[in-house]
Amino acid sequence: MSYFLPHLTNGWQVDMAILSEEERVVVIRFGHDWDPTCMVMDETLYGIAEKVKKFAVIYLVDITEVPDFNTMYELYDPCTVMFFFRNKHIMIDLGTGNNNKIDWAIEDQQEMIDLVEIVFRGARKGKGLVVSPKDYSTKYRY
């Protein structure tokens, strides 16, 4: 489903997407279209794109095609989702210890909508860190 979502093909486009959006959260999925984890995440993002269009915009970035942000945002995982609002990176406390990004695929559309909405509400109030409605620290259940 990644071909239905807009792709940013260079660093300038990514910067402009983050800079130019004043009223909505910019959700960027960094990864590869062919990666299985990204495919699952893209399916979820495509499913929610229409529902969240009033308060969020979703873009995809290929980390091989646009390597500019790999070191800056530590994009070492196969699939990474990050949130930006008014040119500011919005962190989200998911209970995993890494507040900068989501680095696994979320399959449940409502769960993803809740995350985007909580980021939007917190960012609009000027918060740089928002707390996830669900604790993901026990995701793997060892």
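Heads up: these notes are all about the structure in this document. Being a predicted model, the structure only gives us computed values, none of them experimental.

Some words on the overall build of the protein
In terms of helices and strands, the protein carries 3 helices and 6 strands. The N-to-C order of helical and strand elements in the protein reads β-α-β-α-β-β-β-α-β. Taken over the C-alpha trace, the protein has a radius of gyration of 14 Å; the compact-globule value for 142 residues is 14 Å, and the two agree within 12%. Expressed along its principal axes, the backbone C-alpha trace of the protein runs to roughly 35 × 35 × 30 Å. Every one of the 142 residues in the protein was classed for burial, and the buried ones make up 45%. The contacts of the protein with a sequence gap of at least 6 include a subset with a gap of at least 24, amounting to 72%. Only carbon and sulfur atoms are counted for the fraction: they give 52% of the accessible area of the protein, which is about 7,600 Å². Across the protein, the 15 positively charged side chains and the 22 negatively charged ones have centroids separated by 9 Å.

Here we look at the pattern of salt bridges
All chains considered together, the criterion is met by 7 salt bridges. When the shortest N-O distance is used, the salt bridge between glutamate 50 and lysine 53 registers 2.6 Å. In this structure, lysine 134 engages glutamate 111 in a salt bridge whose closest nitrogen and oxygen atoms are separated by 3.5 Å. On the criterion of sequence distance, the pair formed by lysine 134 in the segment after strand E6 (129–131) and glutamate 111 in helix H3 (residues 109–124) is long-range, its members being 23 residues apart. Several salt bridges converge on common partners, so that one network encompasses Arg29, Asp33 and Asp42.

Looking at the packing of aromatic side chains
For the structure shown, the criterion picks out 8 aromatic pairs. Consider the rings of phenylalanine 30 and phenylalanine 69, whose centres lie 6.3 Å apart with planes at 50°: the pair is tilted. Here phenylalanine 30, found in strand E2 (residues 25–31), pairs with phenylalanine 69, found in the loop between strand E3 (56–62) and strand E4 (79–85); they are 39 residues apart in sequence, far enough to count as distant. As far as burial versus exposure is concerned, phenylalanine 30 and phenylalanine 69 are alike and both buried. In textbook terms, an aromatic cluster arises when at least three aromatic residues are bridged by ring pairs, as seen for Phe30, Phe69, Tyr73 and Phe84.

A few points about the environment of phenylalanine 83
Inspection of the secondary structure puts phenylalanine 83 in strand E4. C-alpha of phenylalanine 83 to C-alpha of methionine 39: the two residues are 44 residues apart in sequence and 19 Å apart in space. Residues within four places of phenylalanine 83 in sequence aside, it is in contact with Val25, Val26, Val27, Lys88, His89, Ile90, Ile92, Ile102, Met112, Val116 and Val119.

Quick word on the environment of glycine 97
Within the secondary structure layout, glycine 97 lies in the loop between strand E5 (88–93) and H3. The spatial distance from the C-alpha of glycine 97 to the C-alpha of tyrosine 136 is 9.8 Å, given a sequence separation of 39 residues.

Brief notes about a nonpolar patch on the surface
A contiguous nonpolar surface patch, about 370 Å² in accessible area, is contributed by Tyr3, Phe4 and Tyr46. Take phenylalanine 4: it is sitting in the segment before strand E1 (7–8).

Reading guide: rules and limits
- Residues numbered from 1 in each chain as written.
- Predicted model: local features only at pLDDT ≥ 70, side-chain atom pairs only at ≥ 80, totals over all residues.
- Heavy atoms only, no water.
- Helix = DSSP H or I, 4+ residues; strand = E, 2+ residues; numbered from the N terminus.
- Rg over C-alpha atoms; globule rule 2.2 N^0.38 Å.
- Buried < 20%, exposed > 50% of the residue type's maximum accessible area, 1.4 Å probe, protein only.
- Contact = heavy atoms within 4.5 Å.
- Areas by Shrake-Rupley, 256 points an atom, 1.4 Å probe, with all protein chains shown as cover.
- Lys, Arg positive; Asp, Glu negative; His and termini not counted.
- Charge placed at Lys NZ, Arg CZ, Asp CG, Glu CD.
- Salt bridge = Lys/Arg side-chain N within 4 Å of Asp/Glu carboxyl O.
- Phe/Tyr/Trp six-rings, centres within 6.5 Å; stacked < 30°, edge-to-face > 60°.
- Patch = residues over 30% accessible without salt bridge, like charges linked within 9 Å, V, L, I, M, F, W, Y side chains within 5 Å.

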